[in-house]
Structures are given as C-alpha cells and as structure tokens.
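# Remarks on the overall topology
Take a look at the letters that make up each chain.
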Amino acid sequence: MSAASCLLTEDQFLCSICQDVFTDPVLIPCGHNFCKTCITQHWNVNVQSQCPNCKEVFNTRPELRVNTFISEMAAQFRQSAQQKASSSSSEQKAAKPGEVPCDVCTGTKLKALKSCLVCLASYCETHLEPHLKMSGLKRHQLIDPVENMEGRMCTEHDKLLELFCKTDQMCVCMICTVLDHKTHDVVPLKEEYEGKKAELGKTEAEIQQMIQKRRLKIQEIKHSVELSEEDADREIADGVQVFTALKESVERSQAELIDTIKEKQRKTEKQAEGFIKELEQEISELKKRRTEVEQLSRSEDHLHLLQSFRTLNSAPPTKDWTGVRVSPPSYEGTVVRAVNQLEETLSKPMKKLFTEAELKRVQQSAVDVTLDPDTAHPDLILSDDGKQVHDSDITKNLPDNPERFDTSASVLAKQSFSSGRFYYEVQVKGKTDWDLGVARESINRKGIITLTPQKGYWTICLRNENEYIACADPDICLSLKSQPQKVGVFVDYEEGLVSFHDVDAAALIYSFTGCCFTEKLYPYFSPGLNDGGKNSAPLIISPVNHTE
C-alpha cells in the first residue's frame, strides 16, 4: 500500500469541491470521488443531482457509500502530508506581528508567501503547493500576501471587485456595472492599475527631483556660510589691526567690535542651520514618500494600489525654497561706528586707518562693469571698450528703443545685480558736473528724470565744480575736505546699503541706508553736459587697485 501511494499524485487525493484531502470519500455512478459531506451539501443546494466535474445528471439521487479503499489511501496520504508539513513548518518562520499569516495553518500560523484572488485566502509554502501543482488551481491569480482578503469583495453584491469605474473613481464588481454604474466608464482593474502605476512612476521621479533640488539648496546655503566666515575672519583681522594701535585704551572697544561681528555671523549660521534643518526634514519626508510610492508602484495588488493611489500620488507639502538665500552679513560701517564712539580719544591718523580698512573691505566686492550703448542718450559718446563716456553736444540718430534715455544725458551698465554685494570705481578727474550711483530696472528713461530713491535712483552728484550733493528728497549738501578724483560705489543688496567713497583719500563720502531693493540694480552714469568744453573730460570706469 505504501509503495503504491508513492506513485500517486497529490491531485488524486483532493476533493474537487473543497480542494482538500478526501474525508469519507464516496464514489458516484459517473466514477468521480468526493467528500461525502461536500457532495451531499452540493446536491442539497442544487435541485438536480448532477456531478460537479462531468455534469452528468442522475434522475434519482445516488445512494452514497464510503469508498474504503480511497478512504484508507487518503488517510495515509494525509498522514504523510502532515508529517511533511510538520517538517517544513519547523524550517518556515511563524508569522510575526505585521506579517500576513497563512489562513489554512492550524495552531501556529506560518508566514504567508502568496494570497489568492480567487480563493480569497493566503497560503504558507506548504499550503501553497496545490496552487503550484494542480492544473485547476494554477489558473488562479496569486499576489504578494495581503491581509483582509474579504475587502476584495463587493460589500453590496458579495462579488469580486475586478473592475474600476473611472466615472466615480472606485472599484466595482460585475453586478455593479449593470446597476449603479450602468452608464459609467468602466474598465478592467488591471487596465486602470497600469495607468495609475505609470502615474506613480512620474510622481516618484518628481519627488526625486525635489529631493535633488533641496540637496543643491543645502550646498548653496553651506557655501554662503563659508563666504560669511571668510568675510567675518577678514573683518575681525582688519578690526584687530586698527584697534591694536590704540593698545590698552581701546581694548574694550576692540572686544565690542569683535562681539558685534561674531554675533552677525552667529545669526547667519543660526539662520542657515534652521534652513538646513528644514530642508533635511523635507528630504526625510520626501524620501519616505518616495519609498512608499516606489513600494506601491512595484505592487502587483491592483486594489491596494488603486485604493492608496490618491493618498500617495503627490509629494507631501513642502516649502518653496526658490527665493530662500543666506547672504553673508554686511559689515559696512561697523568699524566706523566703533570709531565714532571713541572720537574723543582717536587722533586724525587713527581715523584714517579706520577708513582705509573700510575701503579695503568693500574693494573685496569689486566687479567688472561696462557701459550699455543701447541705454545711452544720443548725445553721449562711449569708448569702444565700454569703459568711458562723455557728452558731445551733438545728437546722433539712434533708434529710440525703450531702454534708451531720451532727455537725460545718462547711460546704464550692461551688468545688473539682484543679490549680494558689488563695488566699482569711476574716475571723475577734471570734471565740473557728473552723476554716479545705481538705478533699479523699472526706472522711467523717457523725459525729464528725478534722481531720488523714491524714483528708483540712489546717486550722488557734482554741480558747479565744487557742490557735492546726495540726491535724496530733499537733496543733502555734502561737505568734503577734498575733491574726489576717483569715486568708489559699493552696494549691499540684502543690507539695503549704497555707499560712496573717495578712493584716494580712503574716505566715506555718503551712504544710503535702510533701502529696500526688490528688483535688479544697474550701475548709473551721467557725465553731465559738455558745457562748451568745460566738462568734456570723460567718466572712466577704472580697474580696482586694492588698498594695501
């Protein structure tokens, strides 16, 4: 008996109704075997006595008697299968919390390897074998193990959810399509699954791109901090050099200066750390969402993907970092303010040391500037290299493009600046009239212009050979000890500062402070009218020779 059973396959001992090893097998007239209870219940439900396999109909319900031979064979096979399952279960792991357990296992529930969408059950390795060997069960659709298989049934009609209503964006069964969703756009679950899976792929790529942008923003912020540290170190060194000359009498002021600079740096670092922390937190959230989307996109579980799609098919809310920057703090005026506090004890030579240090610092922000001929008034003559401009008293026939000044003898630089700091120097030697400064992009360039910050101009000017004016509202007359031969213009965009320096005297001429810049700034030049040759000398954009 034992040798014979080894030649039989597992399929021959399974009831086609319950799909389990025979219990009290009976042979009906057509030659097929079933569990006595299974065939009895089948005939009790159906009016006709019909074979579930071959569909042969019996006019009179056959008398059922247990087939002792098959029963003994099934019992022996069951014992062998149990021993095999017992041996296999010792190698397999019991289902842990959060893992899907096998629905067939009794006693210790083993971890399920697959779930069947037809049987609506999950199986461990041992109980999965029939689905891998039996021809009838091989046609069943297996997926990665999932819990709550009952949730795959339509709660209203108790049928498998195998379709998707695109009109109502929900999973439905076959009966739903002829009742509540009769006129709706309904597609197979797999078709919608493929579409949503493709969308998830795009979402995953978008999230990855967002992560990359934030990583680049972190690098940008760290670089800004490094620049800030360099500026802070340089400023500290300059301050120490100046205050050392005062020795013990100014040590307290020296400490206060360093503390002020370091406090600005600490604020910058604190701001950067806050941004980095926010960015890293967003990256963490985005990575988490990416992982969830990646896992969902690889899922073969149609229903789970569609039910989770709306929640995961978008990136988590994040901050718009486009305009976020960490700009190194400006130290313009820091040392000068310290000098003013020590006016009673400082001598004139010491004050000169301070201003030289300030000029040296702003010169570190030197940029290359050239004149833009498309903005120049037709009376102006520009050099070929774009570094010189003077008035000719002769109007050239030039296109009246929107960028060109048509009444004021002015011209802008080609370069514009919308962040950070920049500095340039202009030679004004031999001139009796000129305007210098910066202007915002949206200034009115047609007709008579008014040089005030309210109109978008931050400038100083020379009138009548020796009248120096800060063009504000109202104008501010400047008292200078000497006539500048070369003027340095410094701008700190974020600090809202525009300052003018006498380069040769290393003296501060004037500063516009507390400005609010919201658009591009262009260097602005006006050489003044030729005045019959009295003011024919050009304005010359000069290379910056850093003060030693």
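What comes next concerns the included structure. (Residues numbered from 1 in each chain as written. Predicted model: local features only at pLDDT ≥ 70, side-chain atom pairs only at ≥ 80, totals over all residues. Heavy atoms only, no water.)

## A few points about the overall build of the protein chain
A count of helical and extended segments in the protein chain gives eleven helices and 23 strands. In terms of principal-axis extent, the alpha carbons of the protein chain reach across some 130 × 65 × 35 Å. Buried positions account for 44% of the 548 residues belonging to the protein chain. Carbon together with sulfur atoms contributes 49% to the accessible area of the protein chain, which is approximately 29900 Å² in total. The averaged location of the 83 negative side-chain charges in the protein chain is 4 Å from the averaged location of its 66 positive side-chain charges. (Helix = DSSP H or I, 4+ residues; strand = E, 2+ residues; numbered from the N terminus. Buried < 20%, exposed > 50% of the residue type's maximum accessible area, 1.4 Å probe, protein only. Areas by Shrake-Rupley, 256 points an atom, 1.4 Å probe, with all protein chains shown as cover. Lys, Arg positive; Asp, Glu negative; His and termini not counted. Charge placed at Lys NZ, Arg CZ, Asp CG, Glu CD.)

## Regarding the state of the cysteines
Each disulfide is one covalent bond, formed between the sulfur atoms of two cysteines. Going through the model one piece at a time under the given rule, you end up with zero disulfides. C18 supplies the cysteine sulfur nearest to C38, a cysteine that is in no disulfide, at a spacing of 3.8 Å. With no disulfide of its own, C54 lies 3.6 Å from the sulfur of C51, the closest cysteine sulfur. (Disulfide = S-S within 2.5 Å.)

## A word on the sheet that holds strand 8 (residues 163–165)
Two strands in a sheet stick together by hydrogen bonds in their backbones, pointing the same way (parallel) or opposite ways (antiparallel). Across the sheet, three strands lie side by side as 9-8-10; this open sheet has antiparallel pairing. Looking at strand neighbours, the two that pair on one side only are strand 9 (170–172) and strand 10 (186–188), the edges of this open sheet. Going from strand to strand, the sheet's axes swing by 35° on average, the running direction of each strand aside. Against the sheet, helix 7 (residues 189–244) engages strand 8, strand 9 and strand 10, with an angle of about 85° to strand 10. (Pairing = 2+ DSSP bridges. Axes fitted to C-alpha atoms, helices over the stretch in contact; angles between N-to-C directions. Contact = heavy atoms within 4.5 Å.)

## Quick notes on the pairing of strand 19 (residues 486–492)
Where burial is concerned, most of strand 19 is hidden: seven out of the seven residues are buried. Pairing of strand 14 (residues 421–427) with strand 19, which is carried by seven bridges, proceeds in the antiparallel orientation. Each bridged residue has a counterpart across the sheet, and for Y423 the counterpart in strand 19 is F490. Across six bridges, the pairing between strand 19 and strand 20 (residues 497–502) is antiparallel. Residue pairing across strands places F490 opposite S499, the latter belonging to strand 20. The hairpin turn running from strand 19 into strand 20, its antiparallel successor, is four residues long, and G496 in that turn takes a positive phi close to 70°.

## Focus: the packing of helix 8 (residues 251–298) against helix 10 (residues 334–341)
Angle between the axes and distance between the axes are the two parameters that describe a pair of packed helices. It is the contact of helix 8 with helix 10, at a shortest axis distance of 10 Å, that shows an interaxial angle of 150°. By the angle class used here, helix 8 and helix 10 are roughly antiparallel. With respect to the hand of their crossing, helix 8 and helix 10 are arranged in right-handed fashion. Two secondary-structure elements touch here, helix 8 through E256, L257, T260, I261 and K264 and helix 10 through T334, V335, R337 and Q341. Grouping the constituent residues of the contact of helix 8 with helix 10 by class yields three nonpolar, three polar and three charged. (Parallel < 35°, antiparallel > 145°, perpendicular 65-115°, else oblique. Left-handed = near helix turned anticlockwise from the far one by under 90°. Nonpolar A, V, L, I, M, F, W, Y, C, P; charged D, E, K, R; others polar.)

## Things to note about a negative patch on the surface
Together, E226, E229, E230 and D233 make up a region of like negative charge exposed at the surface. Tracing the chain through its elements places E226 in helix 7. (Patch = residues over 30% accessible without salt bridge, like charges linked within 9 Å, V, L, I, M, F, W, Y side chains within 5 Å. Salt bridge = Lys/Arg side-chain N within 4 Å of Asp/Glu carboxyl O.)

## Focus: helix 10
Taken as a whole, helix 10 has its buried residues at T334, V335, A338 and V339. Seen end-on, helix 10 carries its buried residues on one side only, within an arc spanning 140°. (Arc of directions from axis to C-beta.)

## A look at the pairing of strand 20
Within a regular beta strand, the side chains point alternately toward one face of the sheet and then the other, so they alternate between its two faces. Of all six residues that make up strand 20, six are buried, and the element is covered over most of its length. In this antiparallel pair of consecutive strands, strand 20 and strand 21 (residues 507–512), the connection spans four residues, and A506 shows a positive phi of 50°.

## Topic: the nonpolar core
Nonpolar side chains tend toward joint burial in soluble globular proteins. In this structure, W434, I460, V487, F512 and F525 are the most contacted members of the largest nonpolar core, which totals 38 residues. Beyond its immediate sequence surroundings of up to four residues, I460 is in contact with W434, D435, L436, I469, A470, C471, L478, V487, F500, I509 and Y510. Grouped together as the second largest cluster of nonpolar side chains are 35 residues, C165, C173, F275 and V293 included. (Core = buried A, V, L, I, M, F, W, Y, C linked by side-chain atoms within 4.5 Å.)

## Quick word on the pattern of salt bridges
Under the criterion given, the structure shown has 17 salt bridges. For K319, the salt bridge identified is with E278, shortest N-O distance 3.6 Å. You can see K319 sitting in the loop between helix 9 (302–312) and helix 10 and its partner E278 sitting in helix 8, a full 41 residues away along the chain. When its relative accessible area of 32% is taken as the criterion, E278 is described as partly exposed. Across the salt bridge formed by D368 and K387, the nearest N and O atoms sit 2.5 Å from each other. Placement of D368 in the loop between helix 11 (348–363) and strand 11 (380–382) and of K387 in the loop between strand 11 and strand 12 (388–391) is noted, with a sequence separation of 19 residues between them. With a relative accessible area of 55%, D368 lands in the exposed category. Through salt bridges with shared partners, a single network forms among D231, R421 and D492.

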